[in-house]
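The lines below spell out each chain.
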Amino acid sequence: MKTITLHVNGHEAGAPVESRTSLADHLREGLNLTGTHVGCEHGVCGACTVELDGVPVRSCITYAVACEGRRVRTIEGFDDDALMAQLREAFSAEHALQCGYCTTGMLVTAHDIVRRLPAADESRIRLELAGNLCRCTGYRGIVRAIARVLGERRAGAPDAA
Amino acid sequence: MKPAPFDYRAATDVADAVALLGEGAVHAKACGGSQSLGPMLNLRLAQVERLVDVSRLDALQAISLSDDRLRIGAAVTHARIEDGELPDATRGLLPFVAKGIAYRAVRNRGTLGGSLAHADPSADWVATMRLLDAELVLAGPGGERRVGAGNFFLGPFTTVLEADEIIVAVEVPIFSGRARWSYRKTCRKPGEFADAIAAVWLDAECGIARAVIGALDAMPHVIAGAEALGALRSPGAIGRALDAAGVEGDYEREVHAVMLRRALNDVLPA
């Protein structure tokens with residue numbers, strides 16, 4: 001076991017960890033942040049997507065020890081994020097979730113899409129979502145939710161952050 | 001699945017990485033962003049006693065441009081290439097290829113050197129570096145050595161890298177202003193490994209005419225020379241090229257033929 005220190009959701013979090021423990025398992029089992037979900041565990045499904053140093057990564061194929069000293073933001077760390085609040089509302093309004101298993105990874109990815117690709121159209125949204133699997137919604141609601149937020153922000157809606 | 005236990009060591013510099021890899025009888029492997037090796041470890045298709053992390057080494061992060069070459073550090077991520085952080089030496093080819101690799105969350109971690117060391121025959125950088133005849137700079141206990149992409153890959157998932165060597169950088173040639181290229185691939189779903197890859201680079205000023213058929217059971221198949229490329233336009237030539245590349249199966253032959261035809265149409269005058 002090694003003791004590692006991560007900056008998780010704005011707080012310093014030191015905890016012992018095995019070298020083979022994924023960042024996802026460390027967040028869930030070592031730090032009790034169970035909003036990050038573990039799906040395929042080989043980088044395909046996207047359920048475990050979190051932010052590492054401000055960009056989305058797969059926490060199932062990123063080892064916790066490799067993140068020593070780095071900033072991690074999980075879904076729990078977006079509570080006060082204005083863009084995420086907008087996305088949450090749009091996901092709810094557009095029926096972008098059902099069972100919720102993929103949702104936290106979807107939201108982290110959606111957050112990245114809106115920030116990085118403000119001009120994204122529907123086909124670009126779909127392309128960017130290819131790495132996040134959902135088995136409930138058929139994606140239409142998710143795509144609509146992200147398109148709605150992009151549209152609101154392009155229109156300069158007053159609640160856009 | 002969870003990987004079997006291993007020891008993790010973050011290398012402090014290139015010499016340290018080489019020393020950590022070569023220590024005693026430990027079965028060690030270098031890793032960058034762990035986007036190829038991580039899945040292999042998690043699925044227990046690969047098992048190591050020690051993982052040597054080289055992803056944070058400054059020497060492997062550098063990007064530099066000389067008169068005729070662009071040198072890209074082995075730990076440069078696909079996302080950095082996608083975002084155009086390096087000089088546009090290939091008239092947009094490298095960012096185009098990078099953008100098509102897996103998913104953004106993978107590209108944020110996965111590295112150029114890691115992908116080449118992993119040597120998946122369907123990997124985009126494997127086909128691209130064969131197309132460009134890139135040169136890999138390797139570091140080992142005896143110092144550095146250079147290996148052309150044509151000699152680096154011995155076969156699927158097998159390279160000339162010794163157990164105590166790492167890739168430091170990849171050097172690619174600079175395209176002339178008249179260079180033309182095409183990179184075509186087909187995947188069952190965007191971001192998955194390709195079923196077929198065809199890439200072509202024509203650069204009359206540099207005397208380059210080269211095509212690559214990738215995503216094969218073996219390493220990419222290269223067709224070199226303006227004459228050989230031009231001959232691909234004659235009836236039956238695509239089929240013969242696929243024979244030479246060892247492409248078998250109706251679906252495989254169809255998708256490889258379509259990719260190659262499209263890539264040729266992109267760059268050759270009709």
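See above for the structure.
Here is a short report on the structure shown in this document. (Residues numbered from 1 in each chain as written. Chains lettered and ligands numbered in written order. Predicted model: local features only at pLDDT ≥ 70, side-chain atom pairs only at ≥ 80, totals over all residues.)

1. Here we look at the packing of helix H10 (residues 237–245) of chain B against helix H11 (residues 250–267) of chain B
Residues and elements named next belong to chain B. Running from N to C, H10 and H11 point in directions that differ by 120 degrees, and their axes come no closer than 10 Å. Classified by the angle their axes make, H10 and H11 are oblique. Between H10 and H11 lies a crossing whose hand is right-handed. Contacts between H10 and H11 involve Ile238, Ala241 and Leu242 from the first element and Arg253, His256, Ala257, Leu260 and Arg261 from the second. (Axes fitted to C-alpha atoms, helices over the stretch in contact; angles between N-to-C directions. Helix = DSSP H or I, 4+ residues; strand = E, 2+ residues; numbered from the N terminus. Parallel < 35°, antiparallel > 145°, perpendicular 65-115°, else oblique. Left-handed = near helix turned anticlockwise from the far one by under 90°. Contact = placed C-beta atoms within 7 Å.)

2. So, H11 of chain B
Residues and elements named next belong to chain B. In this model, H11 (18 residues) spans 26 Å end to end at C-alpha, consistent with the 26 Å of a helix rising 1.5 Å per residue. Every buried residue of H11 is accounted for by Val255, His256, Met259, Leu260, Ala263 and Leu264. Buried residues of H11, viewed axially, fall in a sector of 160 degrees; they line one side. Among the exposed residues of H11, those oriented more than 90 degrees off its buried face are Asp250 and Tyr251. Here the buried face of H11 lies against strand E11 (180–186), strand E12 (196–203), strand E13 (208–214) and H10. (Expected span 1.5 Å × (residues − 1). Buried ≥ 20, exposed ≤ 12 C-beta atoms within 10 Å, placed from the backbone. Arc of directions from axis to C-beta.)

3. Comments concerning the environment of Leu86 of chain B
All names here are of chain B. Along the chain, Leu86 turns up in the loop between helix H3 (78–82) and helix H4 (93–99). Remark: the alpha-carbon pair of Leu86 and Ile63, spanning 23 residues in sequence, is separated by 6.6 Å. Not counting chain neighbours up to four residues away, the residues in contact with Leu86 comprise Ile63, Leu70, Ile72 and Ile81.

4. Quick look at the environment of Tyr101 of chain A
All names here are of chain A. Mapped onto the secondary structure, Tyr101 falls in the loop between helix H2 (82–93) and helix H3 (103–116). Since 18 C-beta atoms lie within 10 Å of it, Tyr101 is described here as partly exposed. Once residues within four sequence positions are removed from consideration, Tyr101 is found in contact with His37 and Ala47.

5. Details of the sheet that holds E13 of chain B
Adjacent strands of a sheet form backbone hydrogen bonds with each other and so pair up, either parallel or antiparallel. Residues and elements named next belong to chain B. Read across the sheet, four strands follow the order E11-E12-E13-E14 without closing on themselves; strand pairing throughout is antiparallel. The open sheet has two edge strands with one neighbour each: E11 and strand E14 (221–224). Geometrically, the sheet is characterised by an average inter-axis angle of 10 degrees between neighbouring strands, direction not taken into account. Sheet analysis places E12 next to E13, joined by seven bridges and oriented antiparallel. In the sheet register, Leu202 faces E13, and the bridge partner there is Ala209. (Pairing = 2+ DSSP bridges.)

6. A few points about the packing of H2 of chain A against helix H5 (residues 140–154) of chain A
Residues and elements named next belong to chain A. Closest axis-to-axis distance for the H2/H5 pair is 8 Å, and the angle between their directions is 135 degrees. Classified by the angle their axes make, H2 and H5 are oblique. The crossing of H2 and H5 is right-handed. Note on element contacts: H5 touches H2 through Ala145, Arg148, Val149 and Glu152, opposite Gln86, Leu87, Ala90 and Phe91. Looking at the contact of H2 with H5 residue by residue, the class counts come to five nonpolar, one polar and two charged. (Nonpolar A, V, L, I, M, F, W, Y, C, P; charged D, E, K, R; others polar.)

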